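# Descriptive analysis of the structure
In case you want the letters, here they are:
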Amino acid sequence: MGNPRSLRAPSVPDAGWRNMELLVQLRWIAVGGQLITIAVVQEGMRIDLRLLPLMLAPAVLALVNVATMLILRRRRRSVSNGELTAALLLDVAALAWQLYHSGGLTNPFASLFLLQVVIGAILLRPRSSWGIVAAALAALALLAVESRPLALPTAYAADPLGLYIRGSLVCFALIAVLLVLFVARIARNLQERDAALAAIRQRAVEEDHIVRMGLLASGAAHELGTPLASLSVLIGDWRDMDRFDADPEMQEDLADMAAAVHRCKTIVSGILMSAGEARGTAPEFTTVRRFLHSLVAGWPAAVLDDDFGEDVAIVSDPALRQVIANALDNAAEVSPGWIGVAASRDQDRLILTITDHGPGFAAEILAGFGQPYRSTKGKPGGGLGLFLLVNMVRKLGGEASASNRAEGGAMVRVTLPLDSLSYHLEAPQ
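Attention here is on the structure that accompanies the text. Computed from a prediction, not measured in an experiment: that's the story for all the values here. (Residues numbered from 1 in each chain as written. Predicted model: local features only at pLDDT ≥ 70, side-chain atom pairs only at ≥ 80, totals over all residues. Heavy atoms only, no water.)

Here we take up the environment of Leu88. The topology assignment puts Leu88 in helix α3 (residues 81–100). On the accessibility criterion, Leu88 (0% relative accessible area) is buried. Put simply, Leu88 and Leu124 are 36 residues apart on the chain and 9.7 Å apart in space, counted from C-alpha to C-alpha. Residues contacting Leu88, with those up to four places away along its chain left out, are Leu23, Gln116, Ile119, Gly120, Leu124 and Ile132. (Helix = DSSP H or I, 4+ residues; strand = E, 2+ residues; numbered from the N terminus. Buried < 20%, exposed > 50% of the residue type's maximum accessible area, 1.4 Å probe, protein only. Contact = heavy atoms within 4.5 Å.)

What follows is the structure, encoded as structure tokens:
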């Protein structure tokens, strides 16, 4: 049935949450790198290390990582700038501890402080990033004054500069690789954030558009109420006049006019009810099954496939009925002989599918599904039916999608949570 295009609000974790998750991943890399380095130096290069204090740092970092991961899984709210700063300060302290027990500034891996400074500059607020710089400089100053030198074997003690240069090359490669991975991930996070903000802005624009349309429709309905009432009275008077009473053809025309005026008054009343006005009677309590059967009754070509299961009590809402009716109207225009309406239930959600035997949706309609004024009918102001459907369903916490069927024709699928539907419909009482 093709790839349906659905409209839903994106769910993107908070930027601070994602940044803390990234720090956790980088710290795991650091823990692994430290263990490998200790093993290579101790066993491969035969340089005696103070294993107990050196192993303490990766052990503490691993425990902090596990605790942080547990907290992040339970908490989806924002991670503060202070928490990120504390995490980076811990990394600076751990690196300083290991350098203190492995030669201090004579250790080529002292350049790893630069990685912490760059990460702080990217993730933190300016004052906090300068705090990381100050912490790194303080650690370097302490290491310059006090550290525990390494006892190098004779082969390395003869050329300590060569050993330092080789270690510096390894350190440079490590910093370069980690920075590339880190910056690429940050760029992806920023793209996701920008996409989420763009979707929020688009939704705000659409909702503002709906409000303006609602005000316009409500105002127009109020203005049309009086002339329609006058026309209804005049038509009733004409039908009782002797000169028209004897003319069957005129009586038939007047009956058609009366029916048309009544239809217009019904539409105006529906607009006012959807806008929250003119609710002189209590909301109509019904069930999902009765709601669907009464809905499709207005389209003789509609065939209802009712697989909803046990019926559920709801309150009939004119706005919801109207937007679904718009979808049925669209289907009837392109497929007057048959409209398929299927209702099913997935746990606590109503799934309503409307299909037809028409030519299907154009590619540009599917690409911009749910956006206003997207129509191939060439009518001024066209394309609002699906726009209103998508936004009404979205306000109820549901989803709407559209696709073309493999066997021909179009399909509109609406998913509505029954709890949200009942809450929304009962709230205005």
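What follows picks up the thread again.
With that settled, the discussion passes to the layout of surface pockets. Of the pockets and cavities examined, the second largest pocket occupies roughly 1,200 Å³. Around the second largest pocket, the lining comprises 43 residues; the ones closest to its centre are Thr37, Leu99, Asn107, Phe109 and Leu112. When contributions to the lining of the second largest pocket are tallied by element, the ones reaching two or more residues are α1 (15–44), α2 (51–74), α3, α4 (113–123) and α7 (160–240). In terms of residue count, α1 provides more of the lining of the second largest pocket than any other element does, 12 residues in total. Classifying every residue of the lining of the second largest pocket by side-chain character gives 30 nonpolar, 10 polar and 3 charged. (1 Å grid on protein atoms, 1.4 Å probe; cavity = no way out; pocket = protein on both sides within 12 Å on 5 of 7 lines; lining within 4 Å. Points joined across faces, edges and corners; volume = space filled by probe spheres on them. Nonpolar A, V, L, I, M, F, W, Y, C, P; charged D, E, K, R; others polar.)

As for its placement among the helices and strands, Thr286 is situated in strand β2 (residues 284–287). A relative accessible area of 7% places Thr286 in the buried class. In terms of polar contacts, Thr286 uses its side chain to reach the side chain of Arg290, at 3.5 Å. Excluding residues that lie within four positions of it along the chain, Thr286 makes contacts with Phe291, Val312, Ala313, Ile314 and Ser316. (Polar contact = N/O pair within 3.5 Å; in protein donor to acceptor, adjacent residues only side chain to side chain.)

A contiguous patch of negative charge on the surface is contributed by Asp247, Glu249, Glu252, Asp253 and Asp256. Counting through the fold element by element, Asp247 comes out in the loop between α8 (242–245) and α9 (248–274). (Patch = residues over 30% accessible without salt bridge, like charges linked within 9 Å, V, L, I, M, F, W, Y side chains within 5 Å. Areas by Shrake-Rupley, 256 points an atom, 1.4 Å probe, with all protein chains shown as cover. Salt bridge = Lys/Arg side-chain N within 4 Å of Asp/Glu carboxyl O. Lys, Arg positive; Asp, Glu negative; His and termini not counted. Charge placed at Lys NZ, Arg CZ, Asp CG, Glu CD.)

This part takes up helix α5 (residues 126–145). Here α5 is 20 residues long and its end C-alpha atoms lie 29 Å apart, about the 28 Å a rise of 1.5 Å per residue gives. Residues Ser128, Ser129, Ile132, Ala136, Ala139 and Leu143 constitute the buried set of α5. Projection of α5 onto a plane perpendicular to its axis shows the buried side chains occupying an angular sector of 110°, all on one side. Exposed and oriented more than 90 degrees from the buried face of α5 are Pro126, Arg127, Trp130, Leu137, Leu142, Ala144 and Val145. Residues of α5 that are buried make contact with α3 and α4. (Expected span 1.5 Å × (residues − 1). Arc of directions from axis to C-beta.)

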